[in-house]
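# Remarks on the overall topology
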Amino acid sequence: MLPAPLTMSDVSAPMIEIFSSIQGEGMLVGLRQVFLRFHGCNLRCLYCDTVTPEAPLQCQMEGTPGRRDFIAVANPVPLSRLTTLFAGWQRGWPGIHHSISLTGGEPLLLHELLREWLPLLKTYLPIYLETNGVLHAELASVIADLQHIGMDIKLPSTSGCTDLWAHHRQFLAIAAQKKVFVKAVINAATEDWEIIKAAEIVAAVDKDIPLILQPVTGRTGTIDLSPIKMLELQEVACRYLNEVRVIPQTHKLMGQL
Ligand code: SF4
(Lines give C-alpha, C1' and ligand atoms only; values in the text may rest on other atoms or scores of the structure.)
Protein backbone atom coordinates (compact mmCIF):
# COMPACT_ATOMS: atom_id res chain seq x y z
CA MET A 1 0.00 0.00 0.00
CA LEU A 2 1.30 3.49 -0.84
CA PRO A 3 1.99 5.80 2.12
CA ALA A 4 -0.56 8.56 2.64
CA PRO A 5 0.54 11.86 1.09
CA LEU A 6 1.87 14.49 3.50
CA THR A 7 -0.52 17.22 4.50
CA MET A 8 0.49 20.67 5.68
CA SER A 9 -0.39 19.69 9.24
CA ASP A 10 2.41 17.08 9.04
CA VAL A 11 5.10 19.40 7.71
CA SER A 12 7.42 21.46 9.92
CA ALA A 13 10.34 23.78 9.24
CA PRO A 14 13.34 24.91 11.32
CA MET A 15 12.69 28.60 11.92
CA ILE A 16 14.59 31.40 13.65
CA GLU A 17 11.91 34.08 13.84
CA ILE A 18 8.59 35.26 12.44
CA PHE A 19 7.62 38.91 12.66
CA SER A 20 6.17 41.94 10.88
CA SER A 21 8.51 44.80 10.01
CA ILE A 22 9.71 47.30 7.43
CA GLN A 23 11.86 45.88 4.65
CA GLY A 24 15.26 47.52 4.98
CA GLU A 25 17.06 46.30 1.88
CA GLY A 26 16.79 46.16 -1.86
CA MET A 27 14.06 47.27 -4.24
CA LEU A 28 11.21 46.69 -1.78
CA VAL A 29 12.85 48.91 0.85
CA GLY A 30 10.35 50.70 3.08
CA LEU A 31 7.47 48.31 2.50
CA ARG A 32 5.83 46.47 5.39
CA GLN A 33 6.31 42.72 5.20
CA VAL A 34 5.82 39.54 7.13
CA PHE A 35 9.26 38.00 7.63
CA LEU A 36 9.79 34.25 7.85
CA ARG A 37 13.41 33.63 8.76
CA PHE A 38 14.33 30.01 8.08
CA HIS A 39 17.30 28.32 9.71
CA GLY A 40 20.16 26.89 7.68
CA CYS A 41 22.37 28.04 4.84
CA ASN A 42 24.60 26.43 2.22
CA LEU A 43 27.13 29.30 2.42
CA ARG A 44 29.25 30.83 5.19
CA CYS A 45 29.66 34.52 4.42
CA LEU A 46 32.17 36.47 6.52
CA TYR A 47 29.62 39.14 7.41
CA CYS A 48 26.81 36.73 8.31
CA ASP A 49 25.06 37.45 11.58
CA THR A 50 22.32 34.85 11.12
CA VAL A 51 23.61 31.35 10.58
CA THR A 52 24.33 29.00 13.47
CA PRO A 53 25.31 25.34 13.02
CA GLU A 54 22.23 24.03 14.80
CA ALA A 55 18.69 25.32 14.61
CA PRO A 56 17.66 27.06 17.85
CA LEU A 57 15.50 24.92 20.09
CA GLN A 58 12.84 27.59 19.90
CA CYS A 59 11.68 30.01 17.24
CA GLN A 60 10.58 33.54 18.19
CA MET A 61 7.10 34.21 16.88
CA GLU A 62 5.43 37.61 17.10
CA GLY A 63 1.83 37.50 18.28
CA THR A 64 0.66 40.95 17.13
CA PRO A 65 2.18 42.26 13.89
CA GLY A 66 4.88 44.85 14.66
CA ARG A 67 4.34 44.90 18.45
CA ARG A 68 7.30 42.64 19.38
CA ASP A 69 5.22 40.48 21.72
CA PHE A 70 7.24 37.39 20.88
CA ILE A 71 6.49 33.96 22.17
CA ALA A 72 8.88 31.00 21.97
CA VAL A 73 7.66 28.13 19.82
CA ALA A 74 9.48 24.79 19.73
CA ASN A 75 11.40 23.95 16.55
CA PRO A 76 10.63 22.68 14.00
CA VAL A 77 7.49 24.78 13.61
CA PRO A 78 4.43 23.19 11.94
CA LEU A 79 3.60 25.14 8.80
CA SER A 80 -0.07 24.79 9.64
CA ARG A 81 0.60 26.96 12.71
CA LEU A 82 2.14 29.67 10.53
CA THR A 83 -0.77 29.52 8.12
CA THR A 84 -3.16 30.03 11.04
CA LEU A 85 -1.08 33.00 12.25
CA PHE A 86 -1.19 34.70 8.82
CA ALA A 87 -4.89 34.09 8.44
CA GLY A 88 -5.41 35.85 11.80
CA TRP A 89 -3.14 38.76 10.85
CA GLN A 90 -4.91 39.21 7.53
CA ARG A 91 -8.30 39.26 9.25
CA GLY A 92 -7.23 41.55 12.11
CA TRP A 93 -4.91 43.93 10.21
CA PRO A 94 -6.04 43.87 6.59
CA GLY A 95 -3.92 45.77 4.11
CA ILE A 96 -0.89 46.56 6.28
CA HIS A 97 1.43 44.01 4.67
CA HIS A 98 2.71 44.26 1.12
CA SER A 99 4.09 40.73 0.94
CA ILE A 100 5.65 37.80 2.78
CA SER A 101 9.45 37.69 2.80
CA LEU A 102 11.02 34.23 2.80
CA THR A 103 14.46 34.86 4.25
CA GLY A 104 17.15 33.08 6.17
CA GLY A 105 19.51 31.49 6.04
CA GLU A 106 18.71 30.15 2.60
CA PRO A 107 15.00 29.38 2.17
CA LEU A 108 15.59 27.30 -0.96
CA LEU A 109 17.23 24.59 1.13
CA LEU A 110 13.60 23.81 2.05
CA HIS A 111 12.41 23.81 -1.56
CA GLU A 112 10.47 20.53 -1.30
CA LEU A 113 8.46 21.83 1.60
CA LEU A 114 8.01 25.25 -0.07
CA ARG A 115 6.73 23.64 -3.25
CA GLU A 116 3.87 22.16 -1.22
CA TRP A 117 3.20 25.20 0.94
CA LEU A 118 3.58 28.23 -1.34
CA PRO A 119 0.40 27.62 -3.38
CA LEU A 120 -1.53 28.07 -0.11
CA LEU A 121 0.67 30.82 1.33
CA LYS A 122 0.36 33.03 -1.75
CA THR A 123 -3.42 33.15 -1.30
CA TYR A 124 -2.74 35.45 1.69
CA LEU A 125 -0.05 37.73 0.27
CA PRO A 126 2.46 37.85 -2.62
CA ILE A 127 5.67 35.93 -1.92
CA TYR A 128 9.09 37.59 -1.97
CA LEU A 129 12.15 35.33 -1.89
CA GLU A 130 15.43 36.64 -0.44
CA THR A 131 18.15 34.25 -1.53
CA ASN A 132 21.89 33.90 -1.88
CA GLY A 133 21.35 33.20 -5.57
CA VAL A 134 23.08 29.84 -5.88
CA LEU A 135 20.52 26.99 -5.78
CA HIS A 136 19.13 27.32 -9.32
CA ALA A 137 17.51 23.88 -9.63
CA GLU A 138 15.70 24.47 -6.35
CA LEU A 139 14.56 27.90 -7.55
CA ALA A 140 13.15 26.38 -10.72
CA SER A 141 11.01 24.03 -8.65
CA VAL A 142 9.22 26.85 -6.76
CA ILE A 143 9.41 29.87 -9.05
CA ALA A 144 5.83 29.57 -10.26
CA ASP A 145 4.55 30.67 -6.85
CA LEU A 146 6.95 33.60 -6.33
CA GLN A 147 6.20 37.21 -7.23
CA HIS A 148 9.47 38.98 -6.29
CA ILE A 149 13.04 37.70 -6.02
CA GLY A 150 15.96 39.50 -4.43
CA MET A 151 19.13 37.53 -5.15
CA ASP A 152 22.68 38.08 -4.01
CA ILE A 153 25.81 38.02 -6.03
CA LYS A 154 28.49 37.20 -3.47
CA LEU A 155 31.64 39.26 -3.91
CA PRO A 156 34.82 37.62 -2.58
CA SER A 157 35.98 40.84 -0.88
CA THR A 158 33.00 40.97 1.47
CA SER A 159 31.59 37.44 1.62
CA GLY A 160 34.79 35.44 1.47
CA CYS A 161 32.95 33.16 -1.01
CA THR A 162 34.77 32.44 -4.23
CA ASP A 163 33.82 30.71 -7.44
CA LEU A 164 30.07 31.27 -7.23
CA TRP A 165 29.92 33.25 -10.49
CA ALA A 166 28.65 30.39 -12.68
CA HIS A 167 25.99 29.50 -10.10
CA HIS A 168 24.81 33.11 -9.94
CA ARG A 169 24.65 33.25 -13.75
CA GLN A 170 22.45 30.15 -13.95
CA PHE A 171 20.29 31.34 -11.07
CA LEU A 172 19.60 34.76 -12.57
CA ALA A 173 18.65 33.25 -15.94
CA ILE A 174 15.80 31.44 -14.15
CA ALA A 175 14.93 34.24 -11.71
CA ALA A 176 14.44 36.68 -14.59
CA GLN A 177 11.03 35.10 -15.21
CA LYS A 178 9.84 37.15 -12.23
CA LYS A 179 10.41 40.64 -10.78
CA VAL A 180 14.03 40.29 -9.77
CA PHE A 181 16.83 42.49 -8.53
CA VAL A 182 20.42 41.65 -7.65
CA LYS A 183 22.21 42.75 -4.49
CA ALA A 184 25.97 42.82 -3.93
CA VAL A 185 27.39 43.69 -0.50
CA ILE A 186 30.37 46.04 -0.73
CA ASN A 187 32.99 47.45 1.62
CA ALA A 188 36.28 49.33 1.49
CA ALA A 189 38.08 46.22 0.19
CA THR A 190 35.76 45.72 -2.79
CA GLU A 191 37.63 45.97 -6.08
CA ASP A 192 36.45 47.16 -9.48
CA TRP A 193 36.89 43.73 -11.12
CA GLU A 194 34.33 42.22 -8.75
CA ILE A 195 31.75 44.88 -9.62
CA ILE A 196 32.51 44.39 -13.33
CA LYS A 197 32.05 40.63 -13.05
CA ALA A 198 28.74 41.01 -11.21
CA ALA A 199 27.49 43.66 -13.63
CA GLU A 200 28.44 41.51 -16.64
CA ILE A 201 26.43 38.59 -15.23
CA VAL A 202 23.37 40.83 -14.83
CA ALA A 203 23.80 42.54 -18.20
CA ALA A 204 24.03 39.18 -19.97
CA VAL A 205 20.47 38.46 -18.83
CA ASP A 206 18.97 41.97 -18.99
CA LYS A 207 20.60 45.40 -18.62
CA ASP A 208 17.41 46.67 -16.99
CA ILE A 209 17.58 44.32 -14.00
CA PRO A 210 18.40 46.57 -11.02
CA LEU A 211 21.71 46.07 -9.20
CA ILE A 212 21.81 47.23 -5.58
CA LEU A 213 25.24 47.91 -4.08
CA GLN A 214 24.75 47.49 -0.34
CA PRO A 215 27.50 48.85 1.91
CA VAL A 216 28.19 46.61 4.91
CA THR A 217 26.09 48.19 7.64
CA GLY A 218 26.89 47.85 11.36
CA ARG A 219 24.27 47.03 13.96
CA THR A 220 23.64 50.71 14.70
CA GLY A 221 23.70 51.77 11.06
CA THR A 222 27.38 52.69 10.79
CA ILE A 223 28.93 52.32 7.33
CA ASP A 224 32.65 51.70 6.97
CA LEU A 225 32.95 52.83 3.35
CA SER A 226 33.89 56.29 2.15
CA PRO A 227 31.33 58.30 0.16
CA ILE A 228 33.83 58.59 -2.70
CA LYS A 229 34.38 54.83 -2.87
CA MET A 230 30.60 54.29 -3.05
CA LEU A 231 30.37 56.66 -5.99
CA GLU A 232 33.33 55.04 -7.74
CA LEU A 233 31.87 51.53 -7.45
CA GLN A 234 28.50 52.75 -8.67
CA GLU A 235 30.18 54.40 -11.68
CA VAL A 236 31.85 51.10 -12.58
CA ALA A 237 28.54 49.21 -12.54
CA CYS A 238 26.76 51.95 -14.49
CA ARG A 239 29.00 51.23 -17.48
CA TYR A 240 27.10 47.94 -17.88
CA LEU A 241 23.65 48.43 -16.36
CA ASN A 242 20.79 50.91 -16.55
CA GLU A 243 19.78 50.87 -12.88
CA VAL A 244 22.44 50.79 -10.17
CA ARG A 245 21.46 51.93 -6.69
CA VAL A 246 23.48 52.25 -3.49
CA ILE A 247 21.31 51.38 -0.47
CA PRO A 248 22.57 50.40 3.01
CA GLN A 249 20.61 48.18 5.40
CA THR A 250 18.11 50.89 6.33
CA HIS A 251 16.22 48.85 8.93
CA LYS A 252 19.26 49.21 11.20
CA LEU A 253 19.10 53.01 10.86
CA MET A 254 15.42 52.91 11.80
CA GLY A 255 15.77 50.54 14.74
CA GLN A 256 13.68 47.91 12.95
CA LEU A 257 14.32 44.18 13.05
S1 SF4 B 1 23.99 33.59 2.37
FE2 SF4 B 1 23.08 34.92 3.92
S3 SF4 B 1 22.46 33.54 5.56
FE4 SF4 B 1 23.89 32.40 4.26
S5 SF4 B 1 25.91 32.67 5.23
FE6 SF4 B 1 25.67 34.27 3.66
S7 SF4 B 1 24.81 36.05 4.78
FE8 SF4 B 1 24.52 34.23 6.08
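In this report, the structure presented in the accompanying data block is examined. Please read all numbers here as calculations on a predicted model, not as lab measurements.

The next subject is the packing of helix 6 (residues 192–205) against helix 7 (residues 227–238). The interhelical angle for the contact between helix 6 and helix 7, taken along N-to-C directions, is 35°, at an axis separation of 9 Å. Seen along the crossing, helix 6 lies across helix 7 with a hand that is right-handed. Every residue of helix 7 that contacts helix 6 at Asp-192, Ile-195, Ile-196 and Ala-199 is listed here: Leu-233, Val-236 and Ala-237. Split by residue class, the contact of helix 6 with helix 7 holds six nonpolar, no polar and one charged.

Let's shift gears to helix 2 (residues 111–121). Along helix 2, the residues that are buried comprise His-111, Leu-113, Leu-114, Trp-117, Leu-118 and Leu-121. Relative to the axis of helix 2, the buried residues are bounded by an arc of 125° and lie together on one face. In helix 2, the exposed positions angled more than 90 degrees off the buried face are occupied by Glu-112 and Glu-116. The secondary structure elements touched by the buried residues of helix 2 are strand 1 (12–13), strand 3 (32–38), helix 1 (79–92), strand 7 (99–103), strand 8 (127–131) and helix 3 (136–142).

A few words now on the nonpolar core. Leu-36 and Leu-102 are the most contacted members of the largest nonpolar core, which totals 65 residues. Excluding its chain neighbours within four sequence positions, the residues that come into contact with Leu-102 are Leu-36, Phe-38, Pro-107, Leu-114, Leu-118, Leu-121, Ile-127, Tyr-128, Leu-129 and Glu-130. Residues Tyr-128, Phe-181, Ile-212 and Ile-247 belong to the second largest nonpolar core, which totals five residues.

For the ligand, the full set of nearby residues is Cys-41, Leu-43, Arg-44, Cys-45, Tyr-47, Cys-48, Val-51, Gly-105, Asn-132 and Lys-154. For the shell around the ligand, a count of residues per class yields six nonpolar, two polar and two charged.

Rules used in this analysis
- Counting restarts for each chain, with residues numbered from 1 along the sequence as it is written.
- Restriction of local features to residues with pLDDT of at least 70 applies here, the model being predicted, together with a cutoff of 80 or more for giving and counting side-chain atom pairs; totals for whole chains, interfaces and linings are based on all residues.
- Side-chain numbers come from the whole structure's heavy atoms, not from hydrogens or water.
- Note on definitions: angles span 0 to 180 degrees between N-to-C directions of axes, and those axes are lines fitted to C-alpha atoms, for helices only across the stretch in contact.
- Helical segments are the DSSP runs of H or I of at least four residues, strand segments are the runs of E of at least two, and each set is numbered from the N terminus.
- Definitions for this section: a left-handed crossing has its near helix turned counterclockwise from the far helix by less than a right angle. A right-handed crossing has that turn clockwise.
- A contact between two residues is defined here by any heavy atoms of the two lying within 4.5 Å.
- The residue classification treats Ala, Val, Leu, Ile, Met, Phe, Trp, Tyr, Cys and Pro as nonpolar and Asp, Glu, Lys and Arg as charged. All others, Gly included, are polar.
- To sort residues, take the accessible area from a 1.4 Å probe on protein chains only and compare it with the maximum for the residue type: under 20% means buried, over 50% means exposed, and anything in between is partly exposed.
- It is the directions from the helix axis to the C-beta atoms whose arc is reported.
- Nonpolar cores are built from buried Ala, Val, Leu, Ile, Met, Phe, Trp, Tyr and Cys residues. Side-chain atoms within 4.5 Å join them into one set.
- Only a single heavy atom is needed: when it lies within 4 Å of a molecule or strand, its residue is near that molecule or strand.

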